[in-house]
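Take a look at the letters that make up each chain.
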Amino acid sequence: MLNEFKSFIAKGNVMDMAVGIIIGAAFTAIVSSLVADLINPIIGIITGGIDFSNLFFNLGEGEFASLAAARDAGAPVFAYGAFITAVINFLIIAWVVFLLVKGVNRIKESAIRKTTAEAAAEPAGPTQEQLLAEIRDLLRSRAA
């Protein structure tokens, strides 16, 4: 079982996946900052100062000025603003991944077209039948 595990870990795909997960985690921090620090303030200006991250319904007793205050007091809250922020984060990440996949596919297609064009540009050698005919003719000329 240990040898199988070593074999599994040593495969290139596992290492590629690990690198992807690490970069994805770092990318998530960047997107979270983008949404919280740049996009939400712009949306707040457009919508008249609404801060999505602080939108909530208090499901319990008492009045709270902010979501943080309600959570600190242990009040049950329906934090729909956090959900809106998570949806914005998801849409941004999905858009960036779409653009990355589209770019990679474009590069792959370009490489395939280049390889195909180079193969077509190479002079075609004799066919198998032509080579066999030449061998036959050489054997006939030697036999004669």
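Residues numbered from 1 in each chain as written. Predicted model: local features only at pLDDT ≥ 70, side-chain atom pairs only at ≥ 80, totals over all residues. Heavy atoms only, no water.

Within an unreviewed UniProt entry, the label attached to the protein reads Large-conductance mechanosensitive channel, and the organism entered is Cereibacter changlensis. Here is the UniProt Sequence similarities (unreviewed entry) comment for the protein, exactly as written: "Belongs to the MscL family." In its Function (unreviewed entry) section, UniProt records this for the protein: "Channel that opens in response to stretch forces in the membrane lipid bilayer. May participate in the regulation of osmotic pressure changes within the cell." (UniProt positions renumbered as here; feature names shortened; annotations may be inferred.)

Student: Quick rundown of the overall build of the protein? Include the residues and the values.
Tutor: Scanning the protein for helices and strands turns up five helices and two strands. Seen in sequence order, the protein has helices and strands lined up from the N terminus as α-α-β-α-β-α-α. On C-alpha atoms alone, the protein measures out to a radius of gyration of 32 Å, which is more than a quarter above the 15 Å that the 2.2 N^0.38 rule sets for 144 residues. Considered along the principal axes of its C-alpha atoms, the protein spans approximately 115 × 50 × 20 Å. Evaluated residue by residue, the protein yields a buried proportion of 11% over its 144 residues. For the protein, long-range pairs separated by at least 24 residues make up 41% of all intrachain contacts whose partners lie at least 6 apart in sequence. Roughly 11500 Å² of accessible area belongs to the protein as shown, and the carbon and sulfur atoms make up 68% of that amount. Treating the 11 positive side-chain charges of the protein as one cloud and the 13 negative ones as another, the clouds have centres 15 Å apart. (Helix = DSSP H or I, 4+ residues; strand = E, 2+ residues; numbered from the N terminus. Rg over C-alpha atoms; globule rule 2.2 N^0.38 Å. Buried < 20%, exposed > 50% of the residue type's maximum accessible area, 1.4 Å probe, protein only. Contact = heavy atoms within 4.5 Å. Areas by Shrake-Rupley, 256 points an atom, 1.4 Å probe, with all protein chains shown as cover. Lys, Arg positive; Asp, Glu negative; His and termini not counted. Charge placed at Lys NZ, Arg CZ, Asp CG, Glu CD.)

Student: Quick rundown of the pattern of salt bridges? Include the residues and the values.
Tutor: This model, assessed by the stated rule, comprises two salt bridges. Residues Arg113 and Glu109 are paired through a salt bridge, measuring 3.7 Å at the closest nitrogen-oxygen approach. Placement of both Arg113 and Glu109 in helix α4 (residues 80–121) is noted, with a separation of four residues, approximately one turn of the helix. Judged by relative accessible area, which is 44%, Glu109 ranks as partly exposed. (Salt bridge = Lys/Arg side-chain N within 4 Å of Asp/Glu carboxyl O.)

Student: How would you explain the packing of aromatic side chains if you had to name every residue and give the values?
Tutor: This structure, assessed with the given rule, holds three aromatic pairs. Ring geometry for Phe57 and Phe78: centres 6.3 Å apart, planes at 20°, overall stacked. Of this pair, Phe57 sits in strand β1 (residues 57–58) while Phe78 sits in strand β2 (residues 77–78); the two residues are 21 residues apart in sequence, bridging distant segments of the chain. Classification of Phe57 as partly exposed rests on a relative accessible area of 48%. Here Phe78 falls in the partly exposed class, since its relative accessible area comes to 48%. (Phe/Tyr/Trp six-rings, centres within 6.5 Å; stacked < 30°, edge-to-face > 60°.)

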